[in-house]
Amino acid sequence: MLPMVDLTAQYQVLKEELNEAVLHTLANGQFILGPNVEDFEKEVAAYLGAQYAISVASGTDALHLALIAAGIKAGDEVITSPFTFIATAEAICYVGAHPVFVDIDEKTFNLDTNQIEAVITPATRAILPVHLFGQGANMERLQVIADQHELLIIEDCAQSFGAEINGKKTGTLGFTGCFSFFPSKNLGCYGDGGLITTSSEEIAEHLRVLRNHGSSKRYHHTELGFNSRLDELQAVILRVKLKYIDQFNQARNQIAQQYTQTLINLPHCIPPYKEAGNTHVYHQYTLLSAYRDEIMKAFTEQHIASAIYYPIPLHQQIVFKQKYQDVHFPVSEQIAKQCLSLPIFPEMSKPQIEQVLNVVQGVLLGK
Ligand SMILES: Cc1ncc(COP(=O)(O)O)c(C=O)c1O
């Protein structure tokens, strides 16, 4: 079986370094908020070009805590995409705010910035763009809108670690950047993990308090907080992997280019679009085809994984259906019917890439 992501292949490549780092941490006996967490936060901040980086227990927590730190509260509105993972909207709901969806751009699958101003109301406090599949949203335009309407931008960078927009890393352009280190992410640990970046010392300090039971001094609690800490074992794994992230992302890029070279010439197939000025880190390689279901069936028959990210836009999910009964986002709904993500991971071999392409060719060439 060819999987979407082969985490064991990456472990084999980094085995010695990872084993040594983990064993060293086990022998050290310090597991929560220890030296590896501190060093990882410094190293990741330097890599991203962020002033402060605060690690937390997951990408979902990163969004949740970032929204609290931004002062978003019950009754506020936050503009976001309906074509994303549920966590983006969940976090908005956790603080009692309302996700206000805006349709996506049909090429990049990121927020359609032309539709944002129409939904801004006196209750709007923030825009939460998702840098979907590893490509940055149109931050330049979003910043102009945010400045004009005094809104904050909270970036969902769960899928875009290392991606750049005009030479700056995603996560360093908004008020805060929220990352996930879920194992299959471009920079993934071996459990759950997340991170928030910010250029504000005050917000960074607030986030450190929030992640640790509302306390900056042991057993002194100044507000209600959370148990949301990255642990030392995950931090040490991430410190090893961070050294190779550019290499990993370059490998993903090369695979994406090989895919595109073939797919661009096929009928009924639209390979991913890359905006000028962006680097794309291809967390997912997602094509569009009217024959999506047929291609997927052929993959299954050939024991190759493929996935639909996302089959149901958020406004049509059962959990939100009541709230968005009469709302439609035609681009998101159409793309949900045609999108298909192919296997992509840095260690993928040339024969594996060819195997994938053969299946797509086999289905589409006859159409
Ligand atoms: C766009 C997006 N936002 C948020 C998250 C949540 O991250 P985590 O799974 O680490 O909580 C994910 C990850 O799956 C994601 O893809």
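Residues numbered from 1 in each chain as written. Predicted model: local features only at pLDDT ≥ 70, side-chain atom pairs only at ≥ 80, totals over all residues. Heavy atoms only, no water.

A few words on the overall build of the protein. Of regular secondary structure, the protein possesses 12 helices and 11 strands. Since a compact globule built from 367 residues should have a radius of gyration of about 21 Å, the 21 Å found for the protein is in line with a globular shape. Based on the C-alpha atoms only, the size of the protein along its principal axes is roughly 70 × 55 × 35 Å. When contacts within the protein are restricted to residue pairs at least 6 apart in sequence, those whose partners lie at least 24 apart make up 69%. Of the accessible surface of the protein, which amounts to about 16,200 Å², a share of 51% is contributed by carbon and sulfur atoms. Between the centroid of the 26 positive side chains of the protein and the centroid of its 39 negative side chains there is a distance of 2 Å. (Helix = DSSP H or I, 4+ residues; strand = E, 2+ residues; numbered from the N terminus. Rg over C-alpha atoms; globule rule 2.2 N^0.38 Å. Contact = heavy atoms within 4.5 Å. Areas by Shrake-Rupley, 256 points an atom, 1.4 Å probe, with all protein chains shown as cover. Lys, Arg positive; Asp, Glu negative; His and termini not counted. Charge placed at Lys NZ, Arg CZ, Asp CG, Glu CD.)

The subject of this paragraph is the pairing of strand 9 (residues 194-198). In terms of burial, strand 9 is a largely internal element, five of the five residues being buried. Across the two faces of strand 9 the burial is the same, with G194, I196 and T198 and L195 and T197 all buried. Summarising the sheet, strand 8 (residues 176-180) and strand 9 pair through five bridges and their orientation is antiparallel. Counterpart to G177 in the pairing with strand 9 is T197. (Buried < 20%, exposed > 50% of the residue type's maximum accessible area, 1.4 Å probe, protein only. Pairing = 2+ DSSP bridges.)

Before going further, it helps to spend a moment on the site of the ligand. Among the 15 residues in the neighbourhood of the ligand, the closest are listed as G59, T60, D156, S180 and K185. Between a nitrogen atom of the ligand and a side-chain N or O atom of D156, the distance comes to 2.8 Å. In this structure, K185 approaches the ligand through a side-chain N or O atom, which is 2.9 Å from an oxygen atom. Of all the elements in the fold, those that place two or more residues in the shell around the ligand are helix 3 (59-69) and helix 4 (87-94). For the shell around the ligand, the class distribution of residues is five nonpolar, eight polar and two charged. (Near = heavy atom within 4 Å. Polar contact = N/O pair within 3.5 Å; in protein donor to acceptor, adjacent residues only side chain to side chain. Nonpolar A, V, L, I, M, F, W, Y, C, P; charged D, E, K, R; others polar.)

The next subject is the environment of Q338. With respect to the element layout, Q338 can be found in helix 11 (residues 330-338). Note on Q338: relative accessible area 21%, which makes it partly exposed. When residues no more than four places from it in sequence are discounted, the contact partners of Q338 are L287, L288, S289, A290 and R292.

Turning next to the sheet that holds strand 5 (residues 152-156). One open sheet holds the seven strands; their spatial order is 1-9-8-5-4-2-3, and the pairing between them is mixed. Both outer strands of the open sheet, strand 1 (52-56) and strand 3 (98-101), are each paired with one neighbouring strand and no more. Direction aside, the axes of adjacent strands within the sheet are offset by 25° on average. Here helix 3 sits on the sheet and contacts strand 1, strand 2 (77-80), strand 4 (124-128), strand 5, strand 8 and strand 9; the angle it forms with strand 8, its principal contact strand, is near 160°. The sheet contacts of helix 5 (residues 139-149) involve strand 4 and strand 5, and relative to strand 5 the element is tilted by about 150°. (Axes fitted to C-alpha atoms, helices over the stretch in contact; angles between N-to-C directions.)

What the domain assignment lists for the protein is domain 1 (7-102 + 110-242) and domain 2 (245-364). Taken together, the contact between domain 1 and domain 2 spans 36 residues of the former and 33 residues of the latter. When domain 1 packs against domain 2, close to 2,900 Å² is buried across both sides, 59% of that on carbon and sulfur atoms. When residues of domain 1 are sorted by the area they lose upon contact with domain 2, F83, F133 and N186 head the list and together hold 26% of the total. (Domains from an automatic or database assignment. Buried area = accessible area lost by both parts, 1.4 Å probe.)

We now examine helix 2 (residues 35-48). Look at helix 2: 20 Å from first C-alpha to last across 14 residues, which is about the 20 Å you get at 1.5 Å a residue. For helix 2, the full list of buried residues reads N36, V37, F40, E41, V44, A45, Y47 and L48. The buried side chains of helix 2 occupy one side of the element, clustering within an arc of 160° when seen end-on. Seen from the buried face of helix 2, the exposed residues on the opposite side, beyond 90 degrees, are K42 and A46. Directly after helix 2, the chain includes G49, whose backbone phi takes a positive value near 80°. (Expected span 1.5 Å × (residues − 1). Arc of directions from axis to C-beta.)

Geometrically, the link from Y309 to Y310 is a cis peptide bond, its omega value of 10° lying close to zero. Of note, Y310 is situated in the loop between helix 9 (292-301) and helix 10 (318-321). You will see that Y219, though not glycine, has its phi angle at about 65°, which is positive. Along the chain, Y219 falls in the loop between helix 6 (201-211) and helix 7 (232-242). Assessed through its relative accessible area of 67%, Y219 is described here as exposed.

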